[in-house]
Amino acid sequence: MEYTPPPKPQLSSRANAFSIAALMSSGSSKDKESPESTIKPLEQFVEKSSCAQPLSDLSSLDPHGDFSSSPSSLCTEPLIPTTPIIPSEEMAKISCSLETKELWDKFHELGTEMIITKSGRRMFPTIRVSFSGVDPEAKYIVLMDIVPVDNKRYRYAYHRSSWLVAGKADPPLPARLYVHPDSPFTGEQLLKQMVSFEKVKLTNNELDQHGHIILNSMHKYQPRVHIIKKKDHTASLLNLKSEEFRTFIFPETVFTAVTAYQNQLVS
């Protein structure tokens, strides 16, 4: 059966300002842009990833992470590869530090749990990071995604106050990226300020249309922070083949997604 793409969603003014077309256009309606210059950021990620869905199946991405597409058309593999690549010499100089690490460590000792709801729930603790080693004159896009730790489902054993493996993981859910709404940052900004992901929301609603990160309850997950250097001479914001990106993982931020806190010490 021939696939008919859904109607293109209307972008908010801020989203439109972030889009490739807006970034690359001078505002003149006379100059017709080439297809390459208008390709969507999310489509660039999926095109360079292991997912086989055609690009026309994917929706556009708002800087707030807003989507408008059926979940069946979205890729379930991580949109950024899980296998580390060798970064360029310039990107290898970049370091990323987790803020409020002491709080994360306290939760990690107990076994961090994150509440997920149908309408979306903000993370607590919040992922906050700071960067060093960036080029003050360059521009960078900062993103976050959340990937499964393993292929297992868990249950909480109250009599043992611990999490136990309960079986095989549920089917994977649509993979989503959260592009920080202040992206792109200048390197100078990243050297002076902390980047906070306090607006990220977690949901267990597979039909979510708001761009929240979709997770399975009673599964363990690892948040990942990514920084990508934006190249002014290319049309795409996100080009994974350029190797101009770094992924940072903090083991103390691993959590179990739950619809209600299981460990009383966590609540």
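A quick note: this is a predicted structure, and the numbers were derived from the prediction, not measured. (Residues numbered from 1 in each chain as written. Predicted model: local features only at pLDDT ≥ 70, side-chain atom pairs only at ≥ 80, totals over all residues. Heavy atoms only, no water.)

Chemist: Pulling in residues and values, what's your account of the overall build of the protein?
Modeler: Counting secondary structure elements, the protein contains six helices and 15 strands. Residue burial in the protein is summarised as follows: out of 267 residues, 46% are buried. Restricting to contacts in the protein with at least 6 residues of sequence separation, those with at least 24 account for 76%. Here the protein displays about 13900 Å² of accessible surface, and carbon together with sulfur accounts for 50% of that area. (Helix = DSSP H or I, 4+ residues; strand = E, 2+ residues; numbered from the N terminus. Buried < 20%, exposed > 50% of the residue type's maximum accessible area, 1.4 Å probe, protein only. Contact = heavy atoms within 4.5 Å. Areas by Shrake-Rupley, 256 points an atom, 1.4 Å probe, with all protein chains shown as cover.)

Chemist: Talk me through unusual backbone geometry; I want residue IDs and the actual numbers.
Modeler: Put simply, F124 and P125 share a cis peptide bond, and its omega is 0 degrees. Following the sequence through the fold, P125 ends up in the loop between strand 3 (121-122) and strand 4 (128-132). Residue P184 follows S183 across a cis peptide bond; omega there is -5 degrees. Structurally, the position occupied by P184 is in the loop between strand 8 (178-179) and strand 9 (185-186). Its identity as a non-glycine residue notwithstanding, S161 has a phi of 50 degrees, on the positive side. Among the secondary structure elements, S161 is positioned in the loop between strand 6 (152-157) and strand 7 (162-168).

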